[in-house]
Every structure is written in structure tokens, then in C-alpha cells.
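# What the coordinates show
Read off the chains here:
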Amino acid sequence: MSDIKTLEMPKWGLSMEEGSLAQWYIREGDSFTKGQEICEIETSKIVNVLEAPFGGTLRRVLAREGDTLQVGAVLALVAEAAVGDAELDAFAASLTTTAAAAPVVSPSASPQAAPAADKPLPAATAPSGNAAPATGQTEVPGGLQGSTDAAQVNATSRALRLAAKLGIDLSKVRGSGREARISVADLENAVVAAGGRIAPATPPARSGKVPRSHADDSQVAATPLARRLAGKLGINLHDCRRSGSRGRVSREDVQAAALLLDGQPPAAPVQEAPPAAFEALPMSGMRRAIASRLQASKQQAPHFRLTADLDLERLLALRKEINLGAPGVKVSVNDLLVKACAQALVAVPDVNVQFDEASQSIRRFADADISVAVALPAGLITPIVRAANRKSLSEISHDIHSMVTRAKAGTLKPEEFQGGTFSVSNLGMLGVRQFDAIINPPQGAILAIGAGEVRAVARDGQIVARHQLTVSLSCDHRVIDGALGAAFLQQLKLRVETPSLIFV
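Definitions and limits used
- Residues numbered from 1 in each chain as written.
- Predicted model: local features only at pLDDT ≥ 70, side-chain atom pairs only at ≥ 80, totals over all residues.
- Heavy atoms only, no water.
- UniProt positions renumbered as here; feature names shortened; annotations may be inferred.
- Pairing = 2+ DSSP bridges.
- Helix = DSSP H or I, 4+ residues; strand = E, 2+ residues; numbered from the N terminus.
- Contact = heavy atoms within 4.5 Å.
- Axes fitted to C-alpha atoms, helices over the stretch in contact; angles between N-to-C directions.
- Parallel < 35°, antiparallel > 145°, perpendicular 65-115°, else oblique.
- Left-handed = near helix turned anticlockwise from the far one by under 90°.
- Nonpolar A, V, L, I, M, F, W, Y, C, P; charged D, E, K, R; others polar.
- Core = buried A, V, L, I, M, F, W, Y, C linked by side-chain atoms within 4.5 Å.
- Buried < 20%, exposed > 50% of the residue type's maximum accessible area, 1.4 Å probe, protein only.
- Expected span 1.5 Å × (residues − 1).
- Arc of directions from axis to C-beta.
- pLDDT = per-residue confidence, 0-100.
- Phe/Tyr/Trp six-rings, centres within 6.5 Å; stacked < 30°, edge-to-face > 60°.
- Lys NZ or Arg CZ within 6 Å of the ring centre and 35° of its normal.

Within an unreviewed UniProt entry, the label attached to the protein reads Dihydrolipoamide acetyltransferase component of pyruvate dehydrogenase complex, and the organism entered is Serratia rubidaea. Its UniProt record gives the protein the following Cofactor (unreviewed entry) comment, quoted word for word: "(R)-lipoate". In UniProt, the protein has this text filed under Sequence similarities (unreviewed entry): "Belongs to the 2-oxoacid dehydrogenase family."

Here you go:
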């Protein structure tokens, strides 16, 4: 087995824990070179292409398109033609964890998938003579009966064993696999097509009750709903499989354990009225990552918020002047606000921080790396404008436009959206006047930007109409105090209402 290599789920970025195999670019039996594109993988943030870390021949696909696998899980086996199928089977069997997470691909899943995986052996009958089998057993038509010379047919080892057990001549069976390889599924289809029948596989009989665990299950990872249901049904969580997210016991796992241990499904709760119709939508990898990170942020970071109204009159005039006077440049209000935030962070560096929870330390940065929230159909992503305090408005505008385009196409690189020292989230274009945002860990603060609108305000004792904008600063009170957050908003307001300072 030393000649067998593996292609594994890569780890792109520190926060990546799993990925979904979106598409295979090569088929079983294809040779490839180092650096060649092998498959497309979708993570919680991006869609990227796995490049071959070495050259070889793809011999066995273990993960089908659409499978979600943990980082490091084996996607496929690579070996030269001299390595036999039996060696590949043994190697794949040794990958118990991977095999459980990524079953062998079947042709029905994808046109690029591997040959159909062999099914469990059906209930066998004695193949000798033409004796009629008992009711409910496998019946092999006489036209298929005979002996098979294993050296003369291309068949899987399980198909060979089943053919010998049922007395079937495999030379009379047509294979659907690569190079007409015969699988158990092909053998069973041939029996049915010839007028015979295949008895369904029966699970082995269980003797007595399955032993129950009595160990303390308080430390077993489980969803809150699963833990409550287990307590209600008297199920120990040690007796449950863990198929939920992040290896937790789910409600379905508890129900399956109740069926196994008690021999019957738990009684359905009495409902006073039929449930309303709904559509169950699976969470995407990006949506799960957002839920996990922001839930942790909300639970661990003590948020407080400060709100300020900004006068936009002079900023809008500056934007109009720039866009009219600089051909090819189209600066937005958001671009100007990103620049103003970057300079305010430099002026108040204790807000330009990250909190390292592991070491209980604060990281303070000299440059402002501004994360800009971008809404995608599957969730949010925050591409970063690096060192925005040292970039011109045209550079910031170009960077944001380029990264938003690539974010929507799913082609951002991990280093383009991981990290950052401060975030801005702008919902003004959707007509939202004011909102609160959740901090993007490990950052210490995030600015929520509402819609600019004309409001009646007091100026020199007179009520006048002015373009106004409301912003809300969410701060992590572990690292930023109220006075510090207020100082940042003061510097931001100064630069927005006196925009010439942006160029100083």
C-alpha cells in the first residue's frame, strides 16, 4: 500500500473546518500532473480549486459531488496501474473515518463519478441444479447459471463472490463500470432482467436487548434539543451517534437510539392543530460559519453601542467635485466613510485593536485594515481594505469595487477576508435609518451606517434642511471603554463634516 497516495480536503485559512466538494475536474483512470486542477471545493467563505500536490493517476474516488467533509478527509486514492483493485479496496477500508464521512460515489450521483458501489449481499440460495427456491429467496434463471473464470472477467471482488455463491456465469452479465467492470448492482440487474428475482437483504437478528450505557453523559457534545429529548426518553447520550454539526448529538440521533434500544420509535407528541406548511432549507456552509462566529461574539463579547448623527453636506459636495473633476473615478459615500474611519482609527489607535482571547491580550495595529461587509445570497463576507489610512480615495474605491465583485463570484482568497482591525456595515442603500451590528471577532468594534437623508435640524437658531447620517458604533467592553468609543466617533464626525481633513 506504500504506492497509494491520497488527495485530501485542504485547509484554506485558520478558520476553515470543513468544505463541500462541488465538482470533479478529472475522472477515475485519468492521469494528472503536479499543479493541475483536480476539483472545485466550496468553503464557508469562498469557492476555490484544489491543485494537485503531486502527479499520478486517479484510481478511486471516495467523495462524491455535494459531500461536505472535514479538513484532512480523503477525497480520492492515487496509484499507478500496477496497484490492484484489491489493494485499493483494503486501503480504502482502512480509512474508516473517511469512509464513514464520504461513501464511494455512484454513477447516479454524477456523470464524473466512480462505478456503482457494491450493494450488501442479498439473501443467498443454493445454486445447484434447477431446484426452485423458496418463496422470498433469490431466484437465478437457468440462462445465467454456470461457472465463472475469475481471470477472464472484469468484476469487483464482491461481484465475483456473489456470482460464485449464486452459481452465475459472469460472462453473461454486462458491466456498467469503467472498462465494462461488473459490480453487484450489474449482477442483480441482470438477474431481474432475465426474469429472476433478488431477495431483499435482511438485517441480522438481534438477540436480547442492546446494553445501555450508564456513564455520565453531561460532557457529551449535543444540541440543547437533543439533550432535552434524551432526558425525556431516558436515553444516555453515550448510546447515540454524533451526526450533528461539529460532531454533536442531534435530535435525530436520540430518536435513532430510542428506536434501537426500545425497539419502537418514541411516541409523537400530541398536537392540538396540524402544523402550518413550511419549507425546510438546509444551512449553507457560509451560513453555518456566520451563525457560529456571531453567536460566539454575542455571548462572549459584552457589547455596548454609541450613536452619532453626522452632517453630510460638505462630504457630498466633495464627492460631487471629485467625480466631476477626475475622469474614470467614481467615489461613493461609503468610500469616503471608509477613508474617514481609517483616519479616525489612526487618531484613536486604542479602537484599532483585536482581542486575543487565548492569551488574554490586546493587539493594537498601526494601520487600519477595514473590513467591509458584503451581502451575498448565502450570507455575509467581509473583504478587507488593507492600510486604508495610507490609500487614496481612488485606491479605496477600486479595492472595494474589485473585492465586492470577486466576493459575489466566490473567488476571494482567504487572506483577502480574514483578519482586519475594524469593520463597517452599510445598510443605507436599503433605506435603513439606523441599526446595531454585532462585532466581527477578534476585532474590537464595528460601525453600522444608516441611510443619508434630508432632516430638519437647528443651525444658528434656525430650522434648516440638511443631509444627515446616523451611525452606531458597537464596541467590545473588554477592550474598549465608553469614553474611548466616543473619542473615535468625535474624530469620525470631525472628518466627515470637515472632509478636507481627509487629505491631510
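Let us look at the sheet that holds strand β1 (residues 5-8). Across the sheet, four strands lie side by side as β1-β8-β6-β3; this open sheet has antiparallel pairing. Looking at the sheet topology across the chains shown, the edges are occupied by β1 and β3 (31-32). The pairing of strand β6 (residues 56-61) with strand β8 (residues 74-78) spans three bridges and is antiparallel. Within β8, the position partnered with Arg60 by the bridge is Leu77. Contacting β1, β6 and β8, helix α1 (residues 85-94) runs over the sheet at an angle of about 65° to β6.

This next bit is on the packing of helix α8 (residues 313-325) against helix α9 (residues 333-347). Between two packed helices, the angle of one axis relative to the other and the distance separating the axes together describe the packing. Look at α8 against α9: their axes get within 10 Å of each other, and the N-to-C directions meet at 115°. In terms of axis orientation, α8 runs roughly perpendicular to α9. The handedness of the crossing between α8 and α9 is right-handed. On α9, the residues touching Leu315, Leu316, Leu318 and Arg319 of α8 are Val333, Leu336 and Leu337. Broken down by class, the residue content of the contact of α8 with α9 amounts to six nonpolar, no polar and one charged.

What tends to happen in soluble globular proteins is that the nonpolar side chains get buried as a cluster. Among the nonpolar cores identified, the biggest contains 55 residues, and Ile370, Phe422, Val424, Leu447, Phe488 and Leu492 are the most heavily contacted of them. Per-element accounting of this core gives the leading share, eight residues, to α9. Ile370 has contacts with Val338, Ala342, Leu345, Pro383, Ile384, Val385, Ala388, Phe422 and Val424, leaving out every residue within four places of it along the chain.

Take the environment of Ala291 next. With respect to the element layout, Ala291 can be found in helix α7 (residues 285-300). C-alpha of Ala291 to C-alpha of Gly379: the two residues are 88 residues apart in sequence and 9.7 Å apart in space.

The next point concerns helix α11 (residues 482-497). Spanning 16 residues, α11 covers 22 Å between terminal C-alpha atoms, matching the ideal 22 Å at 1.5 Å per step. Along α11, the positions that sit buried rather than exposed are Gly485, Phe488, Leu489, Leu492, Arg495 and Val496. Projected down its long axis, α11 carries its buried residues within an arc of 125°, all on one side. Facing away from the buried side of α11, by more than 90 degrees, are the exposed residues Ala483 and Gln490. Next to the buried residues of α11 lie β9 (303-311), α8, α9, β16 (422-426), β17 (445-449) and β19 (462-476).

Next up on the list: the packing of α9 against helix α10 (residues 393-409). Look at α9 against α10: their axes get within 9 Å of each other, and the N-to-C directions meet at 115°. With respect to the hand of their crossing, α9 and α10 are arranged in right-handed fashion. Contacts between α9 and α10 involve Asn334, Asp335, Leu336, Val338 and Lys339 on the former and, on the latter, Leu393, Ile396, Ser397 and Ile400. For the contact of α9 with α10, the class distribution of residues is five nonpolar, two polar and two charged.

Here we come to the confidence of the model for the protein. Averaged over every residue, the pLDDT of the protein is 81; the share at 70 or more is 84%. Within the model, pLDDT remains below 50 along residues 97-135, and this stretch shows 79 contacts once partners closer than five positions in the same chain are excluded. In this model residues 203-207 is a low-confidence stretch, pLDDT under 50, and it forms one contact with partners more than four residues away in sequence or in other chains.

Moving on, we come to the sheet that holds strand β4 (residues 37-42). An order of β5-β4-β2-β7 is seen for the four strands of this open sheet, with the pairing classed as antiparallel. Either end of the sheet is taken by a strand with one partner, and the two such strands are β5 (47-51) and β7 (68-70). Neighbour-to-neighbour, the strand axes of the sheet open up by a mean angle of 40°, direction not taken into account. Both strand β2 (residues 18-24) and β4 contribute to a ladder of four bridges, which runs antiparallel. Following the sheet pairing, Gln23 is matched in β4 by Glu40.

Applying the stated rule across the entire model yields one aromatic pair. The interplanar angle of 50° and the centroid separation of 5.2 Å between the aromatic rings of Phe422 and Phe488 together place this pair among those described as tilted. Highlighted residues: Phe422 in strand β16 and Phe488 in helix α11, separated in sequence by 66 residues. As far as burial versus exposure is concerned, Phe422 and Phe488 are alike and both buried. Residue placement shows Lys5 over the ring face of Phe54; its charged tip is 4.8 Å from the ring centre.

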